[in-house]
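Residue-level structural notes
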Amino acid sequence: MTYKLIDGKAISNSIKIEIKESVTDLIREHSIKPGLTVILVGNDPASQVYVRNKRRSAIETGMFSTVVNLPGSTSKEELLSRIVTLNHDDNCHGILVQLPLPDHLDENEILASIDPEKDVDGLHPKNIGLLSMGSPRFVPATPFGIKEMLMRSNNDPKGKHVVILGRSNIVGKPLSNLLSLKTQGGDATVTLCHSRTKNLEAITQSADVLVAAIGIPEFITYEMVSDGVVVIDVGVNRVEDKTRERGYRLTGDIAFEEVSQKASAITPVPGGVGPMTIAMLLHNTLDAAYRKI
Ligand code: GUN
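These lines cover the structure that appears in this document, whether it is placed above or below.

**Things to note about the overall build of the chain**
- Each helix and strand counted, the chain has 10 helices and 11 strands in total.
- A compact globule built from 293 residues would reach a C-alpha radius of gyration of about 19 Å, and the chain, at 19 Å, matches this within 12%.
- When contacts within the chain are restricted to residue pairs at least 6 apart in sequence, long-range pairs at least 24 apart make up 70% of them.
- Total accessible area on the chain is roughly 13,800 Å²; 49% of this is exposed by carbon and sulfur atoms.

Set out below in structure tokens:
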């Protein structure tokens, strides 16, 4: 089988061009410059890279963007007070608290403190609820990016069996909701698998579309998939590699070399889902600013 690479970088670039045009219109016609604030608590190296990329991309599309760097020891009260200030700041349309947070901070409590109208990450309980009820406001960026990738690469999930590995609040659960909505880009039959799933291989073999978001390097192997499968790899795993200057390489949850022999389409790591997540975050930030007209 010859596979088609789903180029997340190229698709995200075309989305960013669309966004940049809308940002220009919004500034010209309504004097509103979309603003994104990203909060990073602690100094996790991967999170630092993600946050830097989010800010840089926001600025590239003409938005205003700042990063609030807080020490890993930041108290719950301090973080909540920063969020309340941003909730009331008219120049800030989108707030994103980078996850994971240090252990002493309760993620759910922090996410719930963000104004739902500024929750461009779509992780506030109200936005999660709206998504699962079928009237989404802000869709979490990674699931949203996956839907866009499928649609823009002519792999409409409608009527297909989509198998998702991983039940996280950021990816697996909202993606299962999104792809089963009665709407364009939805209408899939979704199976959500996780670490307690029995007969996993039988399920992954029955997938028309397979999404891996479990954080285990090269977990999905040749035997686990069927010919013609469309594969979306959400994993970004740092695997030690002494031949590289930085000492590691990035590997997805899919054994790319072997699985690509059966796939009809597949995303690379890096350059697949990652850039799409950023593009859809910018989409949500633009949307949040448009709601202020
Ligand atoms: N950490 C990894 N992915 C994400 C994301 O999409 N949003 C947030 N807030 N943190 C993340």
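Having seen the structure, we can now continue with the description.
**Quick notes on unusual backbone geometry**
- Along the chain, L99 connects to P100 via a cis peptide bond; the corresponding omega equals 0°.
- Note that P100 resides in the loop between β4 (94–97) and α4 (107–112).
- Note that the residue after V269, namely P270, is joined by a cis bond; omega there is -5°.
- Note on placement: P270 falls in the loop between β11 (265–266) and α10 (273–290).
- One non-glycine residue, N154, adopts positive backbone phi at about 60°.

**Quick look at the pairing of strand β6 (residues 189–193)**
- Strand direction decides the pairing type here: strand β5 (residues 161–165) and β6, joined by five bridges, are parallel. Looking at the pairing, I164 lines up with L192 of β6.

**Brief notes about the site of the ligand**
- Taken together, L96, V97, Q98, L99, D121 and I170 make up all the residues around the ligand.
- At 3.1 Å, a side-chain N or O of Q98 approaches a nitrogen atom of the ligand.
- Summarising the interface, the protein chains cover 83% of the accessible area of the ligand, which totals 280 Å² for the free molecule.
- Across the shell around the ligand, the residue classes break down as four nonpolar, one polar and one charged.

**Digging into the sheet that holds β11**
- As summarised here, the arrangement of the six strands in space is β1-β11-β8-β7-β5-β6, forming an open sheet in which the pairing is parallel. On the outer flanks of this sheet lie β1 (4–5) and β6, each paired with one strand and no other.

**Concerning the sheet that holds strand β2 (residues 35–41)**
- As summarised here, the arrangement of the three strands in space is β3-β2-β4, forming an open sheet in which the pairing is parallel. If you trace the sheet from one side to the other, it starts and ends with β3 (64–70) and β4, each paired once. Between one strand axis and the next, the sheet turns by 15° as a mean value, whatever way the strands run.
- By the bridge criterion, four bridges tie β2 to β4 in an arrangement that is parallel. By the bridge assignment, L36 is partnered in β4 with G94.
- Strands in contact with helix α2 (residues 45–60) are β2, β3 and β4; relative to β2, the strand with the most contacts, it is inclined by about 170°.

**Notes on the pairing of β3**
- Taken together, the seven bridges between β2 and β3 define a ladder with parallel strand orientation. Paired with V38 across the strands is V67, a residue of β3.
- On the question of chirality, the crossover connecting β2 to the parallel β3 by way of α2 is right-handed.

**Here we look at the side chain of T61**
- Position of T61 among the secondary structure elements: in the loop between α2 and β3.
- A distance of 2.9 Å separates the side chain of T61 from the backbone oxygen of A58, its partner in a polar contact.
- With near-sequence residues (within four places) excluded, T61 lies in contact with K16, I19, K20, V23 and L282.

**Observations regarding the packing of aromatic side chains**
- For the coordinates displayed, the defined rule picks out one aromatic pair.
- For the cation-ring pair, K262 lies above Y222, with the distance from its terminal atom to the ring centre recorded as 4.1 Å.
- Directly above the ring of F138 sits R291, whose terminal nitrogen or CZ lies 5.4 Å from the centroid.

**Side note on the packing of α2 against α10**
- Running from amino to carboxyl end, α2 crosses α10 at an angle of 55°, the nearest separation of the two axes being 10 Å. Between α2 and α10, the interaxial angle falls into the category oblique. Our pair here, α2 against α10, has a crossing hand that is right-handed. Contacts from N53, K54, S57 and A58 in α2 reach I278, L281 and L282 in α10.
- Looking at the contact of α2 with α10 residue by residue, the classes come out as four nonpolar, two polar and one charged.

Cut-off values and rules
Position numbers for residues start from 1 in each chain and track the written sequence from start to end. This being a predicted model, a pLDDT of at least 70 is required before a residue's local features are given, and a value of 80 or more before pairs of side-chain atoms are given or counted; all residues contribute to the totals for chains, interfaces and linings. Just so you know, side-chain values use all the structure's heavy atoms and leave hydrogens and water out. For the purposes of this entry, the term helix denotes a DSSP run of H or I that reaches at least four residues, the term strand denotes a run of E that reaches at least two, and both are numbered from the N terminus. Restricting the calculation to C-alpha atoms gives the radius of gyration, and the globule rule supplies 2.2 Å times the number of residues raised to the power 0.38. Two residues form a contact once any of their heavy atoms are found within 4.5 Å. Calculation of accessible area relied on Shrake-Rupley with a 1.4 Å probe; when residues are assessed, cover is drawn exclusively from the protein chains displayed. Only strands joined by at least two bridges in the DSSP assignment are considered to pair. A single heavy atom is enough: if one lies within 4 Å of a molecule or strand, its residue is considered near that molecule or strand. We call two N or O atoms a polar contact when they sit within 3.5 Å, provided that within protein one can donate a hydrogen and the other can accept it, with sequence-adjacent residues counted only if both atoms are side-chain atoms. When residue character is reported, Ala, Val, Leu, Ile, Met, Phe, Trp, Tyr, Cys and Pro are called nonpolar, Asp, Glu, Lys and Arg charged, and the others, Gly included, polar. Axis geometry follows a simple rule: fit a line to the C-alpha atoms, using only the stretch in contact for helices, then measure angles between N-to-C directions, giving values from 0 to 180 degrees. Handedness of a crossover is defined as follows: with both strands directed away from the viewer, a clockwise route from the first strand across the helix to the second makes it right-handed. Pairs were defined over the aromatic rings of Phe, Tyr and Trp, the Trp ring being its six-membered one, requiring ring centres within 6.5 Å. Orientation was assigned from the angle between planes: stacked under 30 degrees, edge-to-face over 60, tilted for the rest. Counting as a charge over the ring demands two things of the Lys NZ or Arg CZ atom: a distance within 6 Å of the ring centre and an angle within 35 degrees of the ring normal. By definition in this entry, angles of less than 35 degrees are roughly parallel, angles greater than 145 are roughly antiparallel, angles of 65 to 115 are roughly perpendicular, and the rest are oblique. A clockwise turn of the near helix away from the far one marks a right-handed crossing, whereas an anticlockwise turn of less than a right angle marks a left-handed crossing.

Take it as geometry only, folks, not as evidence of what the structure does.
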